[in-house]
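Listed below are the residues making up each chain.
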Amino acid sequence: MKISEIFKNKEVTLSFEVFPPKTDAGYEAVEKAAAEIAALKPDFMSVTYGAGGGTSKNTANIAADLQNRYNVSVLAHLTCASSTKDTVKSMIAEYKEKGIENIMALRGDIPKEGRTCFDYNHATDLIYDIKSMDDSFCIGGACYPEGHVECERQSEDIIHLKEKVDAGCDFLTTQMFFDNSILYQFLYRIREKGIEVPVVPGIMPITNKKQVARSVELSGSSVPQKMKIMVDRFADDPDKLKEAGIIYASDQIIDLISHGVSHIHVYSMNKPDIAAGIMRNLATIIK
Ligand SMILES: Cc1cc2nc3c(=O)[nH]c(=O)nc-3n(C[C@H](O)[C@H](O)[C@H](O)COP(=O)(O)OP(=O)(O)OC[C@H]3O[C@@H](n4cnc5c(N)ncnc54)[C@H](O)[C@@H]3O)c2cc1C
């Protein structure tokens with residue numbers, strides 16, 4: 001089902017994310033994790049896309065599998081920074097052929113060694129291409145409540161976000177953030193600029209110490225004192241830290257729902273136990 005329809009039909013939704021294996025050897029393990037997460041019956045599941053293209057066929061296969069075998073609506077990601085127009089077009093055709101109705105259209109990170117392909121500059125260009133090939137896809141785009149790392153001024157980032165939505169985004173999903181007030185301020189600023197599509201907060205449960213440094217390095221998200229203290233307190237006891245991280249994320253989600261932000265995406269990182277922990281805490285609330 002199209003995600004725009006899911007949002008219209010249900011007041012509160014919860015979705016989970018999986019990422020494909022880097023090599024074919026890891027396929028079975030990821031497929032098993034994805035199936036276990038699907039068994040929790042989220043409103044949809046997203047499958048990320050390797051920016052370098054290495055895992056691209058696995059994205060399509062895992063997404064199709066989730067949809068066809070486990071009856072879950074899927075959002076297949078697609079990046080363009082390292083792809084030619086021909087590659088992108090054949091991926092869009094493959095998604096269509098596999099019955100995938102939702103695409104998260106992304107630029108992708110610029111490779112550290114520099115770009116080798118210059119067919120696409122921004123996600124907006126990709127959205128125009130998807131629309132011109134097939135206007136029936138429901139399209140999501142990424143947004144950054146603390147500003148995208150490459151953009152010096154958030155006001156500029158929001159101008160580009162408006163261009164992206166105008167190109168044809170049906171909804172936006174946010175980068176992770178750990179303090180909800182950041183999201184509420186962001187929502188105020190983008191609504192003021194006329195961005196009206198649903199914004200789905202992306203919540204990352206922090207369940208081990210290394211993850212904090214890595215998440216911050218990749219996303220630039222700030223870590224509030226409350227989270228630093230939690231991670232320090234339980235750093236030497238993985239079970240306690242995992243549970244504390246699940247509760248922290250659940251608490252963030254309950255606060256969001258209380259404030260009327262009703263479609264929540266969880267970066268569940270191929271971890272069925274973490275997805276199950278969040279679902280356990282929220283099952284009654286999202287019913
Ligand atoms: C929800 C979500 C899902 C993600 N999934 C994946 C994934 O599956 N695979 C993956 O590799 N990465 C993924 N990423 C990471 C993402 O690819 C990176 O953050 C990337 O650096 C930016 O992608 P984008 O689509 O937001 O780019 P864009 O929307 O193109 O924005 C990138 C930068 O360009 C600027 N910009 C946009 N338009 C213009 C313009 N016309 N002129 C000048 N500047 C402009 C923006 O302000 C921003 O600073 C995801 C991120 C999020 C938040």
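These numbers were taken from a predicted model, which means no experiment stands behind them.

Colleague: I tried to follow the site of the ligand on my own but got confused; where do I start?
Modeller: Taken together, 22 residues lie around the ligand, and Y49, D109, Y144, D157 and K164 are the ones closest in. Measuring from an oxygen atom of the ligand, one finds a backbone N or O atom of R107 at 2.8 Å. A distance of 2.6 Å separates an oxygen atom of the ligand from a polar side-chain atom of D157. Notes on the ligand: free accessible area 980 Å², of which the protein chains cover 83%. Elements supplying a minimum of two residues to the shell around the ligand: β3 (74-79) and α6 (154-168).

Colleague: Where do I start with the sheet that holds strand β8 (residues 202-203) in this structure?
Modeller: Where strands meet in a sheet, backbone hydrogen bonds hold them as pairs that are either parallel or antiparallel. Across the sheet, nine strands lie side by side as β7-β6-β5-β4-β3-β2-β1-β9-β8; this open sheet has parallel pairing. Each edge of the open sheet is held by one strand with a lone partner, namely β7 (199-200) and β8. Against the sheet, helix α4 (residues 85-97) engages β3 and β4 (102-106), with an angle of about 170° to β3.

Colleague: Which parts of the structure should I look at to understand the nonpolar core?
Modeller: The tendency in soluble globular proteins is for nonpolar side chains to be buried as a group. Core analysis: the largest hydrophobic core is formed by 64 residues, its most contacted members being L14, L66, L78, Y95, L172 and I278. Take this core: its biggest share by element is six residues, from helix α11 (residues 272-286). Not counting chain neighbours up to four residues away, the residues in contact with L14 comprise P42, D43, F44, I264, V266, I278, M279, L282 and I286. Residues F178, I206, Y248 and Y267 belong to the second largest nonpolar core, which totals 13 residues.

Colleague: Whenever I open this one, the pairing of strand β5 (residues 138-143) confuses me. Can you help?
Modeller: Put simply, side chains in a regular strand alternate between the two faces of the sheet. Here β5 lies mainly inside the structure; six of its six residues are buried. Of the two faces of β5, the one carrying C138, G140 and A142 and the one carrying I139, G141 and C143 are both buried. Here three bridges tie β4 to β5, and the two strands are oriented parallel to one another. Within the sheet, the bridge partner assigned to I103 lies in β5 and is I139. Handedness of the crossover joining β4 and β5 through helix α5 (residues 123-133) is recorded here as right-handed. The pairing of β5 with strand β6 (residues 171-174) spans four bridges and is classified as parallel. Note on β6: the bridge partner recorded for C143 is T174. The β-α-β motif built from β5, the intervening α6 and the parallel element β6 has right-handed crossover chirality.

Conventions and cut-offs
- Residues numbered from 1 in each chain as written.
- Predicted model: local features only at pLDDT ≥ 70, side-chain atom pairs only at ≥ 80, totals over all residues.
- Heavy atoms only, no water.
- Near = heavy atom within 4 Å.
- Polar contact = N/O pair within 3.5 Å; in protein donor to acceptor, adjacent residues only side chain to side chain.
- Areas by Shrake-Rupley, 256 points an atom, 1.4 Å probe, with all protein chains shown as cover.
- Helix = DSSP H or I, 4+ residues; strand = E, 2+ residues; numbered from the N terminus.
- Pairing = 2+ DSSP bridges.
- Contact = heavy atoms within 4.5 Å.
- Axes fitted to C-alpha atoms, helices over the stretch in contact; angles between N-to-C directions.
- Core = buried A, V, L, I, M, F, W, Y, C linked by side-chain atoms within 4.5 Å.
- Buried < 20%, exposed > 50% of the residue type's maximum accessible area, 1.4 Å probe, protein only.
- Right-handed = clockwise from strand over helix to strand, strands pointing away.

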